[in-house]
Amino acid sequence: MPEFKSNPFRPELATIQDIIQETSNILTFRVVLNDEQKMREFSFQPGQAGQLSVFGVGESTFVINSPPPRKDYLQFSVMRTGEVTQRLHQLNIGDQIGVRAPLGNGFPVDELKGHDILFIAGGIGMAPLRTLLLYMLDNRQDYGDIMVIYGARSPEDLCYTYEFDEWRSGGVRLVLTVDREFPGWKERVGFVPTVLTEEAPSSYNCKAITCGPPIMIKFVLIGLKRLDFEDHQIITTLEKRMKCGIGICGRCNIGTKYVCVDGPVFSYEELRRMVPEI
Amino acid sequence: MSEKIFIAQGELTAMLERLSKEMDVWVPVEMGDEKWGVRFLPYHRDNVVVLDRQSTISPKNVVFPQVETLLHFRYQKDDNDPSKQRIDLEDRQDVSSVLVFGARPCDVRGFLTFDQVFLNGRYKDPYYEQRRKKTLFATLLCDTEDSACFCSSVGSSPGDKEGSDLWMVSVDDGYVIEALNERGRKLIPLMGKQAAPEQIEKAQRIQEQVNSKRVGEGDLTQSAKDFTGRFTDMDYWRDMISKCISCGICTFVCPTCYCFNITDESRDLEGERLRSWDSCMFYHYTLEASGHNPRPEKFERYRNRVGHKFSYFPDKYNGMISCCGCGRCIRSCPVSIDIRRIVYQLKEAVDARV
């Protein structure tokens, strides 16, 4: 029998080109598709995800966090949590993995044009926001003031620290915070929602984009509402346990919506219309 | 007028022998094993074909196997770099023509709902598509309803021909069979002799009787709004589902349940990526690596099942209900949870509140 003409379950083989140690439990993988033409032609929207395969262990979903115009590699930040991520963390440069990407919808980059942008991220939640941030820095003239509130448990748990200067020189106001005092830490101390309230950015012509642990998002939403952000001004990107990643297997639904194909990016306005089962 | 043939009960085996030379024929059989009851298996002359009652498990495994291989993978030494491995991937699927003989209208309706998900979404499932295209259904007009049946409540009926290729009506001591389309017509010559006019007439009468018959009370097809209205009523769901033991049999036997898991199995340097039936009734189904679970309680999982079948699915697919009224979930449930009651009372509860 011939192989399928097109098979959305079949990953592309890819080679790990580089591995960056972000924190004690987060590695960033830069991978290149083995098929040169497919790598050249690969395109996606910031916020779209991919499934990474370690054959023999399984597949898991991660956001593609390299910005679309920079096409030398695809980047995924992976926190060691379950079986697949455990094994991914054992891989080396030159090792082979599988990639199914892009999946899902991505951020509404055009709709965001002309607005001030407020990013609010906690922990690994910076990964999807970073893609969009770099995309905006590549298209700086399309967007207004950009502010980033980024928090982690400790200074060692912040990712992408080596890029902070690049962000700042692109005109980003970067507010960093950690959960408690640490020796030598000169930035903010406190949970992300508290820092948001202290900073009190104006909601006027602003879009807020947030990602982080569910409990952080919950209080960030409360904080944003206090700052008069309307539902349509708030965008978040969700995570769910996924298998097929293509809207079939039935696992990642919230009511009628499948996070894998209808998301992972949803506005708060959309979320409010969905059944409360996040 | 399409040709109608008659096959006597005693000639059934010979007919199935003839057909199984042309294609794989799946039939409902009883293995003398109480655990399984009647289920669909590839025809074998030693097996007893059971056509006088609904199968315990629907024939969904014919098109959607309980376990199937999606990919083969093999790690090999990289010839260009002795310190590295490369991976060979294969996604072949061998599919032969299949006739499902002796399905019921509710069984076939299950596949019509599957088609929406596997073929009409943003992505097509090629494994399902290939099997579906090569599978024919010789369906039996259903004259064996029991207290768990409710096909008329979900917009079907015991005489519903939709989705079938051949149609069989039990007459005298045999079956009048007609083709419903070209695919079915090709098999007619293998099946039997021209039916006598009085046999055709009898079959016609039975069909008419069945067409005007209702199996199941009320209408469950308009429940989407009632469901959303009751979504946050925890007391309602907890009360309805308190008996549930989360065993998952309702999803296992269901012709419209298709949720699946994907896992890798490997030995040494090679292995397979498998797809297998899963169940939204299980705690682990939605459990995330972080420990977060969007549906941690059994009432939340059952609520999702009811919502999926009677609210989410029709919202997505032009009002189509993802329930065929076969009653298997009711019949198989060890604690006798009745989905009909839950959906009806959903409405009553909403009405009572207004």
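Sequence order as written defines the numbering, with residues in each chain counted from 1. The order in which chains are written sets their letters, starting at A; the order in which ligands are written sets their numbers, starting at 1. Local features in this predicted model are restricted to residues of pLDDT 70 or higher, and side-chain atom pairs are both shown and tallied only at a pLDDT of 80 or more, whereas totals for entire chains, interfaces and linings draw on every residue.

Engineer: A description of helix α4 (residues 126-138) of chain A should follow, citing residues and the corresponding values.
Structural biologist: All names here are of chain A. Strands here are runs of E lasting at least two residues and helices are runs of H or I lasting at least four, both read from the DSSP assignment and numbered beginning at the N terminus. Any helix carries an expected span of 1.5 Å times its number of residues minus one. Here α4 is 13 residues long and its end C-alpha atoms lie 18 Å apart, about the 18 Å a rise of 1.5 Å per residue gives. Remark: C-beta atoms are placed from the backbone, and a residue is labelled buried if 20 or more other C-beta atoms sit within 10 Å of its own, exposed if 12 or fewer do, or partly exposed between those counts. Counting buried residues along α4, 11 of its 13 residues qualify, which places the element largely inside the surrounding structure. Buried residues of α4: M126, A127, P128, L129, R130, T131, L132, L133, L134, Y135 and M136, and no others.

Engineer: Requested: an account of the sheet that holds strand β2 (residues 26-33) of chain A, with residues and values cited.
Structural biologist: Residue and element names in this part refer to chain A. Two strands make a pair as long as DSSP finds a minimum of two bridges between them. In space, the six strands of this open sheet follow the order β4-β3-β6-β1-β2-β5, with antiparallel pairing throughout. What marks the edges here is a single partner per strand, and that holds for β4 (58-63) and β5 (74-79). Pairs of neighbouring strands in the sheet enclose a mean axial angle of 40°, with direction left out of account. With seven bridges joining them, strand β1 (residues 12-21) and β2 adopt antiparallel strand pairing. Bridge pairing in β2 places D18 opposite R30. Angles run from 0 to 180 degrees between N-to-C directions of axes, and those axes are lines fitted to C-alpha atoms, restricted for helices to the stretch in contact.

Engineer: Hey, could you go over the packing of helix α6 (residues 192-199) of chain A against helix α7 (residues 214-226) of chain A for me, with residue numbers and the actual values?
Structural biologist: Helix-helix packing is characterised by the crossing angle of the two axes and by the distance between the axes. Residues and elements named next belong to chain A. Remark: α6 packs on α7, axes separated minimally by 8 Å, with the N-to-C direction vectors making an angle of 15°. In this view, α6 runs roughly parallel relative to α7, as classed from their interaxial angle. In the crossing of α6 with α7, the sense of the turn from one axis to the other is right-handed. Note on element contacts: α7 touches α6 through M216, F219, V220 and G223, opposite V192, P193, L196 and T197. Partitioning the contact of α6 with α7 into residue classes produces six nonpolar, two polar and no charged. For classification purposes, angles smaller than 35 degrees are called roughly parallel, those larger than 145 roughly antiparallel, those between 65 and 115 roughly perpendicular, and all remaining angles oblique. When the near helix sits turned anticlockwise from the far one by under a right angle, the crossing is termed left-handed; a clockwise turn instead gives a right-handed crossing. Once C-beta atoms are placed from the backbone, any two residues with those atoms within 7 Å are in contact. Polar here means any residue outside two lists: the nonpolar Ala, Val, Leu, Ile, Met, Phe, Trp, Tyr, Cys and Pro, and the charged Asp, Glu, Lys and Arg; Gly therefore counts as polar.

Engineer: Go over the domain arrangement of chain A with me, naming the residues and quoting the values.
Structural biologist: Residues and elements named next belong to chain A. As annotated, the domain borders come from an automatic or database domain assignment. Domain assignment breaks chain A into domain 1 (12-103) and domain 2 (109-237). Placing the centre of domain 1 and that of domain 2 at their C-alpha centroids yields a distance of 24 Å. Of the residues lining the interface, 16 residues belong to domain 1; the matching set on domain 2 comes to 15 residues. Looking at the side of domain 1 that touches domain 2, its residues break down into eight nonpolar, seven polar and one charged.

Engineer: So what's going on with the interface of chain A and chain B? Residues and values would help.
Structural biologist: In this complex, chain A contributes 36 residues to the contact, which on the side of chain B involves 44 residues. Looking at the side of chain A that touches chain B residue by residue, the classes come out as 16 nonpolar, 13 polar and seven charged.

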